[in-house]
Amino acid sequence: MKTLNALLHFVVQNTQKKDLNYLKLSLTEEERVLMEGILEHNYQTDLQASNDLFGIKSNTIKYQRIKKKLNDRLYDAVLFITPSLQGSPKFLDELIELNKVGSTLNVLNYFMRRDLSLPLIEQHFNKAYKYFMHNEVLLMANTMRLYFGITEPNNAKYKYYNKIYEEAIYHLHWELKANYYYEMINTRFGRNKKVDKDAIISDVIGFLEELSPHEGKVRSQKFHRDFYNLKMVFHHVQNQYHEVVEVCNDLLDYLDTLEFTSLAVRRYAIRQKAEHLILLNLYDEALVEMNKIIKLESEGTTSWLNSIKIIILIEINQNKYKEAHDTYQKLVAHKSYRNTKSTFKRSLELINVYFYLFKLMEVIPNDLKDNKSEVKRYLADYPEFGKDKGAMNIPVIIAQLLEAIILKRESDVLDRMEALKKYSSRYITKNKGVRSNCFINMLLEIVRNNYHVVAIERHARKYFTKLVANPKISTEEAAEVEFIPYEHLWDIILNFLKKRRSIEVSKR
């Protein structure tokens with residue numbers, strides 16, 4: 001059901017109304033009932049759908065047949081999608097159309113219907129060539145060179161298409177090779193994998209030596225995307241963030257030379273530039289770049305969601321917590337946010353946990369209408385972070401202790417204190433999370449010193465000094481773990497404790 005549900009929504013969101021009507025007419029009554037039922041109720045399991053719509057079990061032959069036929073029809077309907085319906089630029093329709101033409105030509109060639117293939121090729125060849133669609137160009141050019149070389153001899157046209165055919169082989173070869181090399185490196189950065197930086201640097205040097213002679217010569221944005229990506233990786237793993245920014249500029253300069261706008265690659269290059277400007281603590285410059293991306297995004301897409309997340313992180317790092325919260329509120333109010341399945345949503349919801357804590361500490365206006373804990377809600381929605389040793393559960397564990405401190409829940413504080421002691425000794429030190437280890441020990445001093453700010457500052461000083469001596473940019477911790485710099489968070493906590501202490505003293 002998960003795949004069928006996602007496929008159906010994808011087709012409906014990207015297909016014109018008249019084409020959707022044709023699709024519905026091609027369905028049986030039972031297939032149409034299943035389709036409309038999924039759209040209306042957003043079923044997540046076959047058990048729900050089969051029982052509610054047909055009154056039968058999901059493992060019956062009847063239900064499985066209905067589901068399979070609808071699934072097949074929807075995959076067929078992918079050929080009718082129109083990307084610009086979601087606000088994407090019109091030229092994307094041309095790219096999708098060219099892919100459809102390529103599929104149609106393969107079918108016609110199977111039946112040897114050259115009489116039907118030639119008109120399609122004459123109509124679409126120039127566009128395929130313009131957009132560097134080498135697979136389609138190879139298919140079309142090969143058909144035409146054989147036609148003018150054998151069936152209807154025309155030496156000039158034969159030479160024209162034969163030359164393009166030969167060149168397309170060269171362009172596609174290096175396009176695929178660059179992609180192969182980049183993905184070979186990229187797969188080494190999988191979650192929870194230990195990265196061998198020296199091995200990566202050595203391999204990338206070899207790849208770049210092989211690819212460099214073809215820079216600017218291969219008619220392929222994909223080649224240049226992956227070529228410059230390899231350069232970015234080379235500098236990134238060495239913490240050479242200024243150099244990464246320069247490579248991003250080189251990629252953007254290349255994109256400016258194209259006859260068409262490559263939105264996906266341009267967005268990627270600008271985003272990489274912005275993220276590395278963030279690593280350089282150049283937040284104003286990063287925000288300028290992200291505002292460029294927002295203008296290129298289609299609202300509701302995963303890419304758009306990620307861009308908003310980065311803007312929120314920039315505002316947080318600028319200590320603009322209210323602005324960051326306002327940006328988050330506008331995002332969650334968007335109609336597409338509720339049904340979003342992206343992993344970026346998980347990160348955004350974790351940021352909201354800290355907005356909740358900031359409200360409790362009155363760093364931002366407290367608009368909480370009930371006493372429900374956002375920390376507990378987050379753990380209920382994403383229970384996997386309670387088991388993740390050494391990564392995303394660091395900010396979750398910190399949030400649990402902070403909530404207990406803010407609300408003065410002594411038993412919870414003691415429980416979290418013991419958990420943090422064990423966690424810090426078992427996982428963070430082992431994973432070389434110096435900053436997280438320091439900050440957790442600073443938090444423990446709050447409890448050990450009974451919330452007395454002067455004593456807390458005195459006993460936490462050794463950890464704070466070590467924290468400052470290991471700036472965020474030089475640590476191994478992922479940015480998603482320390483999305484609020486610990487120095488900033490520590491200042492917020494101490495200010496809150498001072499204000500609370502002052503109020504308590506004045507009431508005596």
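The structure presented is a predicted model; accordingly, all values stated were derived computationally and were not measured.

Enquirer: Now, about the overall build of the chain: what can you tell me, with residues and values included?
Expert: Helix and strand content of the chain: 23 helices and 0 strands. The dimensions of the chain, computed from C-alpha atoms along their principal axes, are 100 × 65 × 35 Å. By residue count, 48% of the 508 residues in the chain fall in the buried class. Long-range contacts, defined as pairs at least 24 residues apart, comprise 64% of the intrachain contacts of the chain with a sequence gap of at least 6. Accessible surface, the chain as shown: approximately 26,800 Å² in total, 52% of it carbon and sulfur.

Enquirer: So, a negative patch on the surface: which residues are in play, and what are the values?
Expert: On the surface, E215, E243, E246, D250 and D253 cluster together to form a negatively charged patch. Within the element layout of this structure, D250 appears in helix α12 (residues 241-256).

Enquirer: So, the pattern of salt bridges: which residues are in play, and what are the values?
Expert: For side chains bearing opposite charge, pairing can occur when the charged atoms are close. Within this structure, the stated rule accounts for 23 salt bridges. In this structure, the salt-bridge partner of E210 is K177, at a minimum N-O distance of 3.0 Å. Of this pair, E210 sits in helix α10 (residues 197-211) while K177 sits in helix α9 (residues 155-186), and the two are 33 residues apart along the sequence. Note that K292 is salt-bridged to E289, the shortest N-O span being 3.4 Å. On the criterion of helical spacing, the pair formed by K292 and E289 is a turn pair, its members being 3 residues apart in helix α14 (residues 283-296).

Enquirer: Break down the packing of aromatic side chains for me, with residues and values.
Expert: Tallying each qualifying case throughout the model produces 19 aromatic pairs. With centroids separated by 5.5 Å and ring planes inclined at 70 degrees, the aromatic side chains of F132 and F260 adopt a geometry described as edge-to-face. One end of the pair, F132, is in the loop between α7 (114-130) and α8 (134-151); the other, F260, is in the loop between α12 and α13 (263-279), with 128 residues separating them in the sequence. The exposure classification of F132 matches that of F260, with both residues buried. Pairing F227 with Y228 gives two aromatic rings, centres 5.4 Å apart and planes at 65 degrees, and the pair type is edge-to-face. By relative accessible area, which is 0% here, F227 ends up buried. The rings of F125, Y129, Y147, F148, Y160 and Y161 are connected pair by pair, giving a single aromatic cluster.

Thresholds, definitions, all that
Residues numbered from 1 in each chain as written. Predicted model: local features only at pLDDT ≥ 70, side-chain atom pairs only at ≥ 80, totals over all residues. Heavy atoms only, no water. Helix = DSSP H or I, 4+ residues; strand = E, 2+ residues; numbered from the N terminus. Buried < 20%, exposed > 50% of the residue type's maximum accessible area, 1.4 Å probe, protein only. Contact = heavy atoms within 4.5 Å. Areas by Shrake-Rupley, 256 points an atom, 1.4 Å probe, with all protein chains shown as cover. Patch = residues over 30% accessible without salt bridge, like charges linked within 9 Å, V, L, I, M, F, W, Y side chains within 5 Å. Salt bridge = Lys/Arg side-chain N within 4 Å of Asp/Glu carboxyl O. Lys, Arg positive; Asp, Glu negative; His and termini not counted. Charge placed at Lys NZ, Arg CZ, Asp CG, Glu CD. Phe/Tyr/Trp six-rings, centres within 6.5 Å; stacked < 30°, edge-to-face > 60°.

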